[in-house]
Amino acid sequence: MVAVKTFLTEDEIPRQWYNIQADLPDPLQPPLGPDGNPITPDALAPVFPMNLIEQEVSTERWIDIPAGVLEVYNLWRPTPLYRALALEKYLGTPARIYYKNEGVSPPGSHKPNTAVAQAYYNKEFGIKRLTTETGAGQWGSALGFACAMYGLECRVYMVRISFDQKPFRRLMMQTWGAECVASPSTETSFGRKILEEMPDTPGSLGISISEAIEAAVTDQSGQTRYSLGSVLNHVLLHQTIVGLETKKQLQKIGEKKVDVVIACAGGGSNFAGLAFPFILDKINGAEMEIYPVEPTACPTMTRAPFVYDHGDTATMTPLLPMHSLGHTFIPPPIHAGGLRYHGMAPLVSQCIIENLITPRSYHQLECYKSAVLWARTEGFISAPETAHALACTIDEANKAKEEGKEKVIIMNWSGHGLMDLLGYDSYFSDKLHDYVLPDDELNNGLKALESFPKPAKMVRGKQVP
Ligand SMILES: *Cc1c(COP(=O)(O)O)cnc(C)c1O
């Protein structure tokens, strides 16, 4: 019988994260400050602890995972690698489909891989309390869980509309001891300003990020820092445990060649976690297709240019070189909340420029259709974000069938959808529709960037137009 799951023992868990900054054909361009000059690591010190800032700029290929992080990882890691036998049979594909189940963590997604590491490093640095923002609540609950593991206080600014409409993630945070406040709040001067201007605003991720950063940098005790769940280099680094485990598991079952790697991408950390260790093979000559998948409604990788832009709406963050729809862009209210972000991680963006990966986009309805097929074959109910990877996986499995090729397809199953069933309800009752961003709306979002410096597009040492 063919095995459905491949496990690693706790002894076999990788002891180091993989840093792709060591191997990218061209180095990342630096973040820029308000004056247009590269910022120094010191400038970030009020926001992040120095040990994480060091990781942010490190070009060491392998970075040791501290024992104190491994101890908490052991609660749910190593995660099983599944073979999607039932889906393969349903599709009649000769492809072998494997998926890494990151939904088995306590909060139910890949996000604690970095939340735990970030809480650990902050604790080591003497920090007592973390602030962050959350949209639908997945990141807030992951950080709430991580802070509970290390005895840190945690304050989460949750986008008002989700705070009101989605009580379950908020209750998870509360259960782990985190304080969750509706944003905009009266606790920060930025929040008070917004409330004065727009008392009935539903809030936005940009507003919440600004409040969380303000709360961290204005705390007079000096013992509060801010934590971000995606986009930054150190966040992507922590997620590479996913791809490194996957490689060990494939080796265990004798799969030597991977043909296709697929993961959904919001800020890019879930994709990077699975894909970066495989991109290393590709840089070293392996042939493989690597697909980050985004919603057609928020087409950061497939339609937005590579620019310098802020990570937040209030322009508090440095300018980062990335694919971006513009920091003022407000994505339509699709159900995959974790994929509604205007930018893409600089490291993932650079991989796109270097032609190492090929972005794809899918409509919401096809994603839900794929997630329902998945639930009725593989059993697991997927997060709406994960559903984007499923749609692409099913396409690739069908393509392998047409070509009559025994391809090996690897996918990151980023999280379960048990807290997201209202989205399924909307799908079943035909309330969802597809959304294509009109050109003029896309151009409007980009107008805010016209006066910013432009990053050079470097491909293997040469600038391209
Ligand atoms: C947050 C989230 C994503 C997107 O995360 P990024 O790492 O920022 O791309 C994908 N899937 C699930 C289940 C999530 O919670």
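Per chain, residue numbering runs from 1 following the sequence as it is written. For a predicted model such as this one, the threshold for reporting local features is a pLDDT of at least 70, and the threshold for listing and counting side-chain atom pairs is 80 or more; totals across whole chains, interfaces and linings nevertheless cover every residue. Excluding hydrogens and water, the side-chain values take into account all heavy atoms of the structure.

As annotated in an unreviewed UniProt entry, the protein chain carries the name Tryptophan synthase beta chain and is attributed to candidate division CSSED10-310 bacterium. Under the UniProt heading Catalytic activity (unreviewed entry), the note attached to the protein chain is "(1S,2R)-1-C-(indol-3-yl)glycerol 3-phosphate + L-serine = D-glyceraldehyde 3-phosphate + L-tryptophan + H2O". UniProt positions are given in the numbering used here, feature names are shortened, and annotations may be inferred rather than shown by experiment.

Caption draft 1: Summary view of the pattern of salt bridges. For salt bridges, the criterion is a side-chain nitrogen of Lys or Arg within 4 Å of an Asp or Glu carboxyl oxygen. A full pass over the atoms with the stated rule returns 20 salt bridges. Between Arg77 and Glu245 there is a salt bridge; the shortest N-O distance is 2.9 Å. You can see Arg77 sitting in the loop between helix H2 (67-73) and strand S4 (81-83) and its partner Glu245 sitting in helix H11 (residues 241-252), a full 168 residues away along the chain. Exposure class is identical for Arg77 and Glu245. Each is buried. A salt bridge links Glu179 to Arg155, with the shortest nitrogen-to-oxygen separation between them at 2.7 Å. Remark: Arg155 occurs in strand S7 (residues 153-159) and Glu179 occurs in strand S8 (residues 179-183); sequence separation between them is 24 residues. Salt bridges sharing common partners tie together Arg77, Lys100, Glu102 and Glu245. Only runs of H or I of at least four residues qualify as helices and only runs of E of at least two qualify as strands under DSSP, and these elements are numbered from the N terminus. Only protein chains enter the calculation, and the probe is 1.4 Å; a residue is then buried if its accessible area is under 20% of its type maximum, exposed if over 50%, and partly exposed in between.

Caption draft 2: Quick peek at a nonpolar patch on the surface. Patch definition: residues above 30% relative accessible area lacking any salt bridge, with like charges linked at up to 9 Å and the nonpolar side chains Val, Leu, Ile, Met, Phe, Trp and Tyr linked at up to 5 Å. All accessible areas in this document rest on Shrake-Rupley with a 1.4 Å probe, and a residue is counted as covered only by the protein chains that are shown. Among the surface-exposed residues, Phe168, Leu171, Leu418 and Met419 lie close enough to one another that they form a single nonpolar patch of about 390 Å² accessible area. With respect to the secondary-structure elements, Phe168 resides in helix H7 (residues 167-175).

Caption draft 3: Spatial organisation of the pairing of S8. Of all five residues in S8, four are buried, a share of seventy percent or more. Whether two strands pair depends on DSSP finding at least two bridges between them. Where S7 and S8 come together, five bridges link them in parallel fashion. Across the sheet, Val156 pairs through a bridge with Cys180, a residue of S8.

Caption draft 4: Looking closely at the UniProt feature "domain: Tryptophan synthase beta chain-like PALP" (unreviewed entry) in the protein chain. Those places that UniProt annotates as "domain: Tryptophan synthase beta chain-like PALP" (unreviewed entry) correspond, in this numbering, to residues 75-410. Between the first and last C-alpha atoms of residues 75-410 the distance is 24 Å; the span itself is 44% helix and 17% strand.

Caption draft 5: Local environment of the layout of surface pockets. Think of a 1 Å grid over just the protein atoms. A cavity is a set of points where a 1.4 Å probe fits yet cannot get out, a pocket is an open set with protein on both sides within 12 Å along at least five of seven lines, and lining residues have an atom within 4 Å of a point. Grid points are joined across faces, edges and corners, and a volume is the space filled by probe spheres set on the points. Taken as a whole, the second largest pocket holds about 210 Å³ of empty space. Lys247, Leu250, Gln251, Glu255, Lys256, Lys257, Val258, Phe278, Asp281, Ala286, Glu287 and Met288 are the residues that line the second largest pocket. Among the elements of the structure, H11 and helix H12 (269-283) are those that each provide at least two residues to the lining of the second largest pocket. Looking at the lining of the second largest pocket element by element, the count peaks at three residues for H11.

Caption draft 6: Local environment of helix H17 (residues 421-428). Buried residues of H17: Gly423, Tyr424 and Ser426, and no others. In an axial view of H17, the angular spread of the buried residues amounts to 155 degrees, which keeps them on one side of the axis. We call two residues in contact whenever any of their non-hydrogen atoms come within 4.5 Å of each other. In this fold, the buried residues of H17 make contact with helix H15 (364-377). Two residues or fewer past H17, Asp430 is found with a positive phi of approximately 55 degrees. In this context, the arc is that of the directions from the helix axis out to the C-beta atoms.

Caption draft 7: Expanded view of the sheet that holds strand S9 (residues 224-226). Spatially, four strands are ordered S8-S7-S6-S9 in an open sheet, and the strand pairing comes out parallel. With partners counted over all chains shown, the strands left at the sheet margins are S8 and S9, one partner each. For this sheet, the mean angle separating the axes of adjacent strands, direction not counted, is 25 degrees. In this structure, strand S6 (residues 129-134) lies alongside S9, joined through three bridges in parallel fashion. Counted as the bridge partner of Thr131 is Tyr226 from S9. Where H7 meets the sheet, it contacts S6, S7 and S8, and its direction lies at approximately 170 degrees from that of S7. Note on geometry: axes are C-alpha line fits, over the in-contact stretch for helices, and angles between N-to-C directions span 0 to 180 degrees. Lying over the sheet, helix H9 (residues 205-217) contacts S6, S7, S8 and S9, oriented at roughly 170 degrees with respect to S6.

Caption draft 8: Molecular detail of the domain arrangement of the protein chain. In terms of domains, the protein chain is made up of domain 1 (5-15 + 73-108 + 234-452) and domain 2 (112-228). On a C-alpha basis, the centres of domain 1 and domain 2 stand 25 Å from each other. By the criterion of area lost to domain 2, the three top residues of domain 1 are Pro107, Met316 and Met419, representing 29% of everything that side buries. If you look at where domain 1 meets domain 2, you find zero salt bridges. Whenever two N or O atoms come within 3.5 Å, that pair is a polar contact, provided that in protein one can donate a hydrogen and the other can accept it, and provided that, for residues adjacent in sequence, both atoms are side-chain atoms. Applying the counting rule to domain 1 against domain 2 returns eight residue pairs in polar contact (both at pLDDT 80 or more). Where a domain begins and ends is set by an automatic assignment or by a domain database. Summed over both partners, buried area is the accessible surface (1.4 Å probe) that two parts give up on being assembled.

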